[in-house]
There are 2 protein chains.
Amino acid sequence: MAKPRWLTEHEEAAWVGYRRMRVLLDLRINRDLVSQSGLSEQDYDVLSNLSEAVGQRMRLGDLAAHMCWSKSRLSHHITRMQDRGLVQREECADDGRGSMLTLTRKGHDAIIAAAPGHVASVRQHLIDVLTPEEIDTLAALTHRVVARLQD
Amino acid sequence: MAKPRWLTEHEEAAWVGYRRMRVLLDLRINRDLVSQSGLSEQDYDVLSNLSEAVGQRMRLGDLAAHMCWSKSRLSHHITRMQDRGLVQREECADDGRGSMLTLTRKGHDAIIAAAPGHVASVRQHLIDVLTPEEIDTLAALTHRVVARLQD
DNA sequence: AGCGTGTTGTTGACATGTCACTAACCTAGA
DNA sequence: TCTAGGTTAGTGACATGTCAACAACACGCT
């Protein structure tokens, strides 16, 4: 720490750009989604991952790991979603500690209804703004950063 | 919306990667910073932008715009930082509505002390994980997305 | 001057996420 | 068997951010 390697101009531009994009993009996509479907992006992610799981059911811990969420965050959020009737907690047969998470009929309908609009929003504000090369670079780069952070 | 263009595999990878990186990277960098300096990343950004401003003072609205924050968010945050003695609100001479934001001595010292460790953290978890090409691509891509969102 | 409209910043109510702690349970080794 | 230590999930207190509403002021037009 005695001799910090400050960011170069290019590095600074990437870092600042990332942080700005994070704020604006997330806010915008979230707003689009809420106004169109009544779901937040967090709700959408939970429902989406759950609907793609085998049997449309998942352990809480597995879902948290898959989404890179803390267990606490997921637990709080699931409580709220359960109150709204979108998902359902069930006992876990083979592990007394665990909970299985399942989709309710209402949750299933909600994700089906929300998906087209959400994809359109993601396209409009991010994907369709990028070139195919940028998309691949972004995918590669984010996956590498995530992998490093998951130790 | 009748016929949604779903994301291709590559597009999906970029989108999922971005969202995972967002969660993990921000959490990690924030934790590093808090444990090393007692500042959150938000605190750091405010102090950093303020210390680079001419006269180390800035209008609240200008700072909010520059950081891509909502005015409300900044106002709340400044109140908290002011309570901790890091910044100071002052009357704005040429506009009775406005406030000027200034750095206190304590805020100045805090950013100076925190900077080397924070840069090291950003390098370790993001910048140094990327190639120079990826950094430039990330900068270009994020700036374009931000520009589109700012209309 | 007087009025309407837009800006600037603040506030309160509320939603969300983190952290630290706890309870309940599982598993392996003495 | 039983006990220590790890795992799974839930909880409460707190920090943060959003949204909508508001107050105070600026500015342009008549």
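A few points on the structure. All of these numbers come straight from a predicted model, not from anything done at the bench.

## Let's talk about the overall build of chain A
Across its full length, chain A holds six helices and three strands. Dimensions of chain A, computed from C-alpha atoms along their principal axes, come out at roughly 55 × 40 × 25 Å. Here chain A, with 151 residues, has 51% of them falling under the buried criterion. When contacts within chain A are restricted to residue pairs at least 6 apart in sequence, long-range pairs at least 24 apart make up 51% of them. In the structure as shown, chain A presents an accessible area of about 7,900 Å², 50% of it carried by carbon and sulfur atoms.

## Here's the deal with the protein's contact with DNA strand C
Inspection of the region around DNA strand C gives 23 residues, with Ser72(A), Arg73(A), Gly61(B), His76(B) and Arg89(B) positioned closest. In DNA strand C, the atoms that sit within 4 Å of the protein are 67% sugar and phosphate, with bases accounting for the remainder. One nitrogen or oxygen atom from the side chain of Arg80(A) is found 3.2 Å from a phosphate oxygen belonging to DNA strand C. In the model, a base oxygen of DNA strand C is placed 2.8 Å from a nitrogen or oxygen of the His76(B) side chain. Those elements giving two or more residues to the surface near DNA strand C turn out to be α4 (71-83) of chain A together with α1 (9-37), α3 (60-67) and α4 (71-83) of chain B.

## Side note on the relation of the copies chain A and chain B
When chain A is fitted to chain B, the best match, at an RMSD of 0.0 Å, comes from turning it 180 degrees and sliding it 0.0 Å along the axis. With respect to symmetry, the two chain copies, as superposed, fit the operation of a two-fold axis. When the interface residues of chain A are mapped onto chain B, 100% of them are again interface residues, pointing to one common binding face.

## Points about the packing of helix α2 (residues 41-52) of chain B against helix α5 (residues 105-125) of chain B
Residue and element names in this part refer to chain B. Where α2 contacts α5, the axes come no closer than 10 Å and their chain directions differ by 115 degrees. Of the two elements, α2 crosses α5, and the hand of that crossing is left-handed. Touching Glu41, Tyr44, Leu47 and Ser48 of α2 are Gly107, Ala110, Ile111, Ala114, Ala115 and His118, all from α5. Partitioning the contact of α2 with α5 into residue classes produces six nonpolar, three polar and one charged.

## Regarding the interface of chain A and chain B
A common way to state how big an interface is: give the accessible area lost once the parts meet. Listed per partner, the contact involves 56 residues of chain A and 56 residues of chain B. Of the roughly 5,900 Å² buried between chain A and chain B on both sides combined, carbon and sulfur atoms contribute 67%. Taken together, the connections running from chain A to chain B amount to ten salt bridges. For Arg22(A), the salt bridge identified is with Asp26(B), shortest N-O distance 3.0 Å. Counting every contact that joins chain A to chain B gives 24 residue pairs in polar contact (both at pLDDT 80 or more). Sorting the residues of the side of chain A that touches chain B by element identifies α1 (9-37), α2 (41-52), α5 (105-125) and α6 (132-149) of chain A as the ones contributing at least two each. In terms of residue count, α1(A) provides more of the side of chain A that touches chain B than any other element does, 17 residues in total. Residues of the side of chain A that touches chain B, tallied by class, amount to 29 nonpolar, eleven polar and 16 charged.

## With respect to the nonpolar core
In terms of nonpolar packing, the biggest core is built from 44 residues, with Leu25(A) and Leu25(B) touching the most fellow members. If you list the elements that add at least two residues to this core, you get α1, α5 and α6 of chain A together with α1, α5 and α6 (132-149) of chain B. Not counting chain neighbours up to four residues away, the residues in contact with Leu25(B) comprise Trp15(A), Tyr18(A), Val145(A), Leu149(A), His125(B) and Leu126(B).

## Looking at the protein's contact with DNA strand D
As a matter of local geometry, DNA strand D sits amid 23 residues, with Leu60(A), Gly61(A), Arg89(A), Ser72(B) and Arg73(B) nearest to it. Take the atoms of DNA strand D that sit within 4 Å of the protein: sugar and phosphate atoms are 70% of them. Backbone polar atom of Ser99(A) to a phosphate oxygen of DNA strand D: 3.3 Å apart, as the coordinates give it. Of all the elements in the fold, those that place two or more residues in the surface near DNA strand D are α1, α3 (60-67) and α4 of chain A together with α4 of chain B. Top element by residues in the surface near DNA strand D is α4(B). It accounts for five residues. Residue composition of the surface near DNA strand D, grouped by class: two nonpolar, twelve polar and nine charged.

## What about the sheet that holds strand β2 (residues 87-91) of chain A?
All names here are of chain A. Strands sit in the order β1-β3-β2 across an open sheet of three strands; the sheet is antiparallel. The open sheet is flanked by β1 (57-59) and β2, the only strands paired with a single partner. The mean angle between the axes of side-by-side strands here comes to 30 degrees, regardless of whether they run parallel or antiparallel. The sheet contact formed by β1 and strand β3 (residues 99-103) spans three bridges and is antiparallel. Within the sheet, the bridge partner assigned to Met58 lies in β3 and is Leu101.

Thresholds, definitions, all that
Residues numbered from 1 in each chain as written. Chains lettered and ligands numbered in written order. Predicted model: local features only at pLDDT ≥ 70, side-chain atom pairs only at ≥ 80, totals over all residues. Heavy atoms only, no water. Helix = DSSP H or I, 4+ residues; strand = E, 2+ residues; numbered from the N terminus. Buried < 20%, exposed > 50% of the residue type's maximum accessible area, 1.4 Å probe, protein only. Contact = heavy atoms within 4.5 Å. Areas by Shrake-Rupley, 256 points an atom, 1.4 Å probe, with all protein chains shown as cover. Near = heavy atom within 4 Å. Polar contact = N/O pair within 3.5 Å; in protein donor to acceptor, adjacent residues only side chain to side chain. Least-squares fit on C-alpha atoms with pLDDT ≥ 70 in both. Axes fitted to C-alpha atoms, helices over the stretch in contact; angles between N-to-C directions. Left-handed = near helix turned anticlockwise from the far one by under 90°. Nonpolar A, V, L, I, M, F, W, Y, C, P; charged D, E, K, R; others polar. Buried area = accessible area lost by both parts, 1.4 Å probe. Salt bridge = Lys/Arg side-chain N within 4 Å of Asp/Glu carboxyl O. Core = buried A, V, L, I, M, F, W, Y, C linked by side-chain atoms within 4.5 Å. Pairing = 2+ DSSP bridges.

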